[in-house]
Amino acid sequence: MTMGISSFGKILGIFVGVAAISVNVGIGPKGIRQLRKLIHADQGVKALYDSIRQAADVAMGEDPNPIDTLRTEGLLQGDPRKTATWEAIKDLHKMYALAVAWRVTGRQEYFNKASVYLFAWADSNHSRGDPIDDTNLDPAIDAYDMVKAGLTSGENRKISGWLRQTAAAEIHSGYNRSERATSHNNWNSHRLKIIGEIGFAIGDKQLQDYATDGIRQQIDHNLKPDGSSEDFISRDALHYHVYDLEPLLKLAIVLKRATGIDYYHYVAPSGSSLAGSVQWLLPYLDGRQTHAEFVNSTVEFDRRRAQNGQAEFRSGTLFEPRHGIPTVTLASWFDEELLPLEHKLTGSEARFPNWQAVINELNR
């Protein structure tokens, strides 16, 4: 049975009233109220939300398919381990859809099913400390952040324990040793994002501090004063520049929401900044410049992927500006002057050309 507005208001009232619980990763109570208004007022937002609601409805009739260990990093397309992981990752997007549908409609069955998916993954999944694998957990962390106020203390301990194990595995991983490039290249950007999202979702101060200290160091060491990045230099690919910026931008948004501190415009001792690295990318997105990808990459895996028939990794392939849409959309949370470029890249004149643009509005 669908709840009426008054019943839904009671749910939101309970949600707001849990003083010990704050939402800094998913959509918070104020954002949900705004989203409900936008769904009624903006046909574009309604269409985007309807696709999420439809995904939630499909998920209602399906069973979770958790995987014990995520395996994507270092595997070629077609590897059965990678294929199985991508199939299981569909669950994470189902959790998110169910959580959003519950918050918007108040229908308890959406909450119940989201919980079933979260518990299944908490029971089955364990991190091996690889941030390129764990970065895929974003939708699950968002979902948990939105439903945690409706869970019992024991249920919260169960899910937070799963997420805490993931964060601990990332911190203590062999990939996180200072002598390894993976401690300061794009791997670390994804590592910090996941640790920060988990820290604020489960209320763990040590994890929050780790991510906060880490983003300052990462901006200083990974990004360059001219705006380029360590990953662009080593891979000779804008593909990896945007892959490096996206997690840092996501983390910067979480930190701004939670603490009020702006790490997008923060300038490190080296003179580097997230804002500067986004600005450095813009000529390749708006058509002023082009870049032939992977020509001078120092990473053998790039050549292996090209040999495997993955055309986007073939040496000399021109960077496709549309691949920069997620970066521009995330950065526009801090800099609304990027909105015209977002509309150009998406080919849409809609006020909200994608769901992330809606999220930006709700969480700004």
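Novice: Would you mind going over the packing of helix α9 (residues 186-202) against helix α12 (residues 238-259) in detail, with residue names and values included?
Specialist: Contact geometry for α9 and α12: axes closest at 8 Å, N-to-C directions at 25°. Our classification of the angle between α9 and α12 gives roughly parallel. Of the two elements, α9 crosses α12, and the hand of that crossing is left-handed. Note on element contacts: α12 touches α9 through Tyr240, Tyr243, Asp244, Pro247, Leu248, Lys250, Leu251, Val254, Leu255, Ala258 and Thr259, opposite Asn186, Ser189, His190, Leu192, Lys193, Gly196, Glu197 and Phe200.

Novice: Would you mind going over the pattern of salt bridges in detail, with residue names and values included?
Specialist: All chains considered together, the criterion is met by 24 salt bridges. A salt bridge links glutamate 87 to lysine 90, with the shortest nitrogen-to-oxygen separation between them at 3.1 Å. One end of the pair is glutamate 87 and the other is lysine 90, both in helix α4 (residues 80-105) and three residues apart, which spans about a single turn. Relative accessible area serves as the criterion here: at 42%, lysine 90 is assigned to the partly exposed category. Measuring nitrogen to oxygen at the nearest pair gives 3.7 Å for the salt bridge that ties glutamate 170 to arginine 191. Residue glutamate 170 is located in helix α8 (residues 153-172), and its partner arginine 191 is located in helix α9; the two are separated by 21 residues in the primary sequence.

Novice: Account for the side chain of lysine 148, with residues named and values stated.
Specialist: Within the secondary structure layout, lysine 148 lies in the loop between α7 (138-147) and α8. Looking at lysine 148, the relative accessible area reads 4%, which means it is buried.

Novice: If you had to explain unusual backbone geometry to someone new, which residues and values would you point to?
Specialist: Its identity as a non-glycine residue notwithstanding, aspartate 236 has a phi of 50°, on the positive side. Its place among the elements puts aspartate 236 in the loop between α11 (230-235) and α12. Classification of aspartate 236 by relative accessible area gives buried; the value is 11%.

Novice: So what's going on with α8? Residues and values would help.
Specialist: When the terminal C-alpha atoms of α8 are compared, their 27 Å separation across 20 residues agrees well with the 28 Å that a helix rising 1.5 Å per residue should span. Every buried residue of α8 is accounted for by Asn156, Ile159, Ser160, Trp162, Leu163, Thr166, Ala167, Ala169 and Glu170. Contacts made by the buried residues of α8 are with α5 (108-124), α6 (131-134), α7, α9 and α10 (205-221).

Novice: Run through the packing of aromatic side chains, naming residues and quoting values.
Specialist: This structure, assessed with the given rule, holds eleven aromatic pairs. Ring plane angle 70° and centroid distance 4.9 Å describe the contact between phenylalanine 232 and tryptophan 280, whose orientation is recorded as edge-to-face. Taken together, the residues span a long stretch of sequence, with phenylalanine 232 in helix α11 and tryptophan 280 in helix α13 (residues 274-285) at a distance of 48 residues. Ring plane angle 55° and centroid distance 5.5 Å describe the contact between phenylalanine 294 and phenylalanine 313, whose orientation is recorded as tilted. Placement of the pair is phenylalanine 294 in the loop between α13 and α14 (300-307) and phenylalanine 313 in the loop between α14 and α15 (325-331), with a sequence separation of 19 residues. When sorted by exposure, phenylalanine 294 lands in the same class as phenylalanine 313, which is buried.

Novice: Lay out the confidence of the model for the chain with the relevant residues and their values.
Specialist: Residue-level pLDDT values for the chain average 94, and 94% of them are 70 or greater. Here residues 1-20 is modelled with pLDDT under 50, and outside its nearest four sequence neighbours on either side it reaches 30 contacts, counting other chains as well.

Novice: Go over the packing of helix α3 (residues 43-60) against α5 with me, naming the residues and quoting the values.
Specialist: Where α3 meets α5, the axes come as close as 10 Å, and the angle between the chain directions of the two elements is 65°. The orientation of α3 with respect to α5, classified from their angle, is roughly perpendicular. As α3 runs across α5, the sense of the crossing is left-handed. When α3 is examined against α5, the residues Arg53, Ala56, Asp57, Ala59 and Met60 are found in contact with a partner set consisting of Glu109, Tyr110, Lys113 and Tyr117. Residue composition of the contact of α3 with α5, by class: five nonpolar, no polar and four charged.

Novice: For the environment of glutamine 43, give the residues involved together with the corresponding values.
Specialist: Locating glutamine 43 in the fold gives a position in helix α3. Given the relative accessible area of 59%, glutamine 43 is considered exposed. A sequence separation of 307 residues divides glutamine 43 from alanine 350, and the C-alpha atoms of the two residues are 9.5 Å apart.

Novice: Pulling in residues and values, what's your account of the nonpolar core?
Specialist: By size, the foremost hydrophobic cluster in this structure holds 95 residues, and its most contacted members are Ile27, Leu35, Val100 and Trp355. Looking at this core element by element, the count peaks at twelve residues for α4.

Novice: Break down the side chain of aspartate 204 for me, with residues and values.
Specialist: Relative to the helices and strands, aspartate 204 resides in the loop between α9 and α10. A polar atom in the side chain of aspartate 204 sits 3.0 Å from the backbone nitrogen of glutamine 206. Among the polar contacts made by the side chain of aspartate 204, one reaches the main-chain amide nitrogen of leucine 207 at a distance of 3.1 Å. Those residues in contact with aspartate 204 that sit more than four places away from it in its chain are Arg164 and Gly199.

Novice: Tell me about helix α17 (residues 355-363), and please be specific about residues and values.
Specialist: A large share of α17 lies buried, amounting to seven of its nine residues. Within the sequence span of α17, burial applies to Trp355, Ala357, Val358, Ile359, Asn360, Leu362 and Asn363. Tucked into the core, α17 has its buried residues touching α2 (29-41), α3, α4, α12, α15 and α16 (339-346).

Calculation rules
- Residues numbered from 1 in each chain as written.
- Predicted model: local features only at pLDDT ≥ 70, side-chain atom pairs only at ≥ 80, totals over all residues.
- Heavy atoms only, no water.
- Axes fitted to C-alpha atoms, helices over the stretch in contact; angles between N-to-C directions.
- Helix = DSSP H or I, 4+ residues; strand = E, 2+ residues; numbered from the N terminus.
- Parallel < 35°, antiparallel > 145°, perpendicular 65-115°, else oblique.
- Left-handed = near helix turned anticlockwise from the far one by under 90°.
- Contact = heavy atoms within 4.5 Å.
- Salt bridge = Lys/Arg side-chain N within 4 Å of Asp/Glu carboxyl O.
- Buried < 20%, exposed > 50% of the residue type's maximum accessible area, 1.4 Å probe, protein only.
- Expected span 1.5 Å × (residues − 1).
- Phe/Tyr/Trp six-rings, centres within 6.5 Å; stacked < 30°, edge-to-face > 60°.
- pLDDT = per-residue confidence, 0-100.
- Nonpolar A, V, L, I, M, F, W, Y, C, P; charged D, E, K, R; others polar.
- Core = buried A, V, L, I, M, F, W, Y, C linked by side-chain atoms within 4.5 Å.
- Polar contact = N/O pair within 3.5 Å; in protein donor to acceptor, adjacent residues only side chain to side chain.

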